[in-house]
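Residue-level structure breakdown
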Amino acid sequence: MFFIAHNRSKHSQPVCARFAGLALLLLALGTLLPFISTVAESDQPLVVVGEIDGTITPVMARYVENTIERAESDGAAAVVFEMDTPGGLSSAMDDIIDDFRQSEVPIVVYVAPTGARAASAGVFITYAAQIAAMAPGTNIGSASPVFLGADGSTSDVDAMTRKVTNDAVARIRNLAEQFGRNADWAESAVRQAANITAGEALQLGVIEYIAPDLTTLLDVIDGVTVELASGPVTLTTANARTTDIDMSWFERLLQFLANPTTGYIFLSLGMLGLFFEFSNPGGMVPGIAGVIGILIGLMSLGSVPLNWNGVALMGLAFLLLVADVFLPSAGLLTAGGIAAFIFGSFMLIDEGIPGYELSRSVVWTIALCLAAFFILTGALALKTRFKRSHIGREGLIGVIGVVRQTLAPSGMVFAQGELWSATLDESTGHHELEEGKSVVVISLDGLRLVVRPASEAEQRGGASVAVPPWGRPEPA
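Residues numbered from 1 in each chain as written. Predicted model: local features only at pLDDT ≥ 70, side-chain atom pairs only at ≥ 80, totals over all residues. Heavy atoms only, no water.

Section: the side chain of T138
With respect to the element layout, T138 can be found in the loop between β5 (131–134) and β6 (139–141). Owing to a relative accessible area of 2%, T138 belongs among the buried residues under this scheme. Only 2.6 Å separates the side chain of T138 from the backbone oxygen of A135, close enough to count as a polar contact. Non-local contacts of T138, meaning those with residues more than four positions away in its chain, are made with V111, A112, P113, T114, G115, A116, T197 and A198. (Helix = DSSP H or I, 4+ residues; strand = E, 2+ residues; numbered from the N terminus. Buried < 20%, exposed > 50% of the residue type's maximum accessible area, 1.4 Å probe, protein only. Polar contact = N/O pair within 3.5 Å; in protein donor to acceptor, adjacent residues only side chain to side chain. Contact = heavy atoms within 4.5 Å.)

Following this line, the structure appears as structure tokens:
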């Protein structure tokens, strides 16, 4: 028995040692795995991907700047901006171009996905990138600048417009020559609003590549040498890992508010809220909501090229609507206010600025709702004016009462829960009316009621008679 136990102990020691060694090996591998992964990732190139989607605004320019700074701090091999834009403000476009020029990381503009476009300011941004590419089914062009005069109106013939156009032509030709792209077509895009497809852009030398997706594009541009402000850089983008940099929630909110249609809605609702406050002072809530709406609307429209004639007409509309509450105009001021509001709305935003169009359907919807509201309000007010009052002195006319003291022709009548001095209208042919008879109030003489006998039909269909605190119920 001792021999068997001794043999088991002798053979179990190597087995335990093997299990202990395996456990130590797994522990070591688990400890080293994060370091191995980090080393592998450091050997794999990084590409930061941003998105220029929508109107070019100051908010979009700040987002592009933040994305480039993030790529520089992370040591990215390149920044790819997937773009789909109708254009926007030239000031925001200038900021983006300056950020491209000062970037320490190669910039790739990729017009994608299928159906996307690079219009107006998007053409300049494409020409400012070290690498320009497009997806199949996209287009680029229509880069004619629009000059706004002092009154916010567009002009295509005056000297200032020609000056702005010539300046835009010179700028885009400089960008084209800097990156070896087609300068003649760029000029035609500015002067004649030329627009071409992705295939035509590649054939004319407007872009360098056409790629169906981002992965293909990164493989194609791998090994290409580009020129940065700091010197030449060779792209290493094959099999690169990508990091998407999205707008923050606050940037998305500001970009949403930069939409002129959004600003117009807030401005209109704010004016309506102030109207409610002025017409019914003391409500507080409509006034506070109105001020907030107007402030948000003005902030939203702050970066939009406004036509100040439209702003003045909308302000006049507000004054006319408020004035109609206090002045007997028979609705003429309201009609004028609605007309001024509609004309001012259509003149508020210049239609020539790409990406800053005000939705006509929204304007008509708000204008029709506003007109319907004031027409309904006026109709209710008119109906109230002709409706007999049920309170006060006027409320006694037509009320059925009961004689409490014989009318000969004067006496006492109980009506609407009170005893009244009353006089019988002798023109009805009655000179005396006994207690308990029903009468109808036809007028008032000071605090004295003028009454007549009630017919049987009036007694059957009239108001029920209240019970005095000292008497018994009387029949209607």
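Observations regarding the pattern of salt bridges
A full pass over the atoms with the stated rule returns 7 salt bridges. The salt bridge partner of E187 is R173, with a shortest N-O separation of 2.7 Å. Here the residue E187 occupies a position in helix α6 (residues 183–191), and R173 occupies one in helix α5 (residues 159–178), the gap between them amounting to 14 residues. For E187, a relative accessible area of 22% corresponds to the partly exposed category. The residue R191 makes a salt bridge to E187 at a minimum N-O spacing of 2.9 Å. Separated by 4 residues within a single helix, R191 and E187 lie in helix α6, roughly one turn from each other. Through salt bridges with shared partners, a single network forms among R173, D184, E187 and R191. (Salt bridge = Lys/Arg side-chain N within 4 Å of Asp/Glu carboxyl O.)

A short note on the packing of aromatic side chains
Scanning the entire structure with this criterion turns up 6 aromatic pairs. Measuring from centroid to centroid gives 5.8 Å for W249 and F250, while their planes differ by 75°, and the two rings are edge-to-face. Residue W249 is classed as exposed on the basis of its relative accessible area, which comes to 67%. Given a relative accessible area of 44%, F250 falls into the partly exposed group. (Phe/Tyr/Trp six-rings, centres within 6.5 Å; stacked < 30°, edge-to-face > 60°.)

Fair warning: the whole summary comes from geometry, so function is off the table for now.
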